[in-house]
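Chain residues, written in single-letter form:
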Amino acid sequence: MNSIAILAAAASVLCISAAAADAKDIEKKQQFMDAVIGKKLVRNRYWFIVAADGTIYGDTAQKGKIKGAWVWNKRYYCRNLFIGTTQLPVDCQKVAIDGDQVVFTRKKGKGKAVPMTISD
């Protein structure tokens, strides 16, 4: 059973890495706005929308509402976010896109990559 879990985890990491490798980096604010602003971004049981007015809002299945603010700083999407009453650390993230997949990579591209799906 442990071998199956390890293989599943490894396959999952490879899929995320492959998705990130095929994605095209977004380096300018206008590219980010054209690709992401106002669109529902979904992953598992949560979603959020990055709005043109500098706000972020959404919902999770278990931890409550998502709300916060964002700015574009040089080549990075920087966000200040609350999930429910819990404030997440401020983070500037590298953003890449491949079709309907947007990959946010924490810590200016040096952290965990989080793929999101653009949903209608």
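This structure is a prediction, so every number in the text was calculated from the model and none was measured. (Residues numbered from 1 in each chain as written. Predicted model: local features only at pLDDT ≥ 70, side-chain atom pairs only at ≥ 80, totals over all residues. Heavy atoms only, no water.)

1. Here's the deal with the packing of aromatic side chains
- Under the counting rule described, the total for this entry stands at six aromatic pairs.
- Members of the aromatic cluster, each reached through a chain of ring pairs, are Phe 32, Phe 48, Trp 70, Trp 72, Tyr 77 and Phe 104.
- Here the basic side chain of Lys 40 rests over the ring of Trp 47, its NZ or CZ set 4.7 Å away from the ring centre. (Phe/Tyr/Trp six-rings, centres within 6.5 Å; stacked < 30°, edge-to-face > 60°. Lys NZ or Arg CZ within 6 Å of the ring centre and 35° of its normal.)

2. Some remarks on the state of the cysteines
- Tallied over the full model, the rule gives one disulfide.
- Between the sulfur atoms of Cys 78 and its disulfide mate Cys 92 the distance is 2.0 Å. On the sign convention where negative means left-handed, the S-S torsion of about 110° between Cys 78 and Cys 92 marks this disulfide as right-handed. Within this pair, whereas Cys 78 is found in strand E6 (residues 76-83), its partner Cys 92 is found in strand E8 (residues 91-98), the two being separated by 14 residues in sequence. Both residues of the pair, Cys 78 and Cys 92, count as buried. (Disulfide = S-S within 2.5 Å. Helix = DSSP H or I, 4+ residues; strand = E, 2+ residues; numbered from the N terminus. Buried < 20%, exposed > 50% of the residue type's maximum accessible area, 1.4 Å probe, protein only.)

3. Notes on the confidence of the model for the protein chain
- For the protein chain, per-residue confidence averages 87 on the pLDDT scale, and residues scoring 70 or more make up 82% of the total.
- A low-confidence stretch, residues 1-20 (pLDDT under 50), is modelled with three contacts involving residues beyond four sequence positions or located in other chains. (pLDDT = per-residue confidence, 0-100. Contact = heavy atoms within 4.5 Å.)

4. Let's talk about the environment of Cys 78
- For Cys 78, a relative accessible area of 8% puts it in the buried group.
- Sequence-wise, Cys 78 and Val 90 are 12 residues apart; in three dimensions their C-alpha atoms are separated by 7.2 Å.

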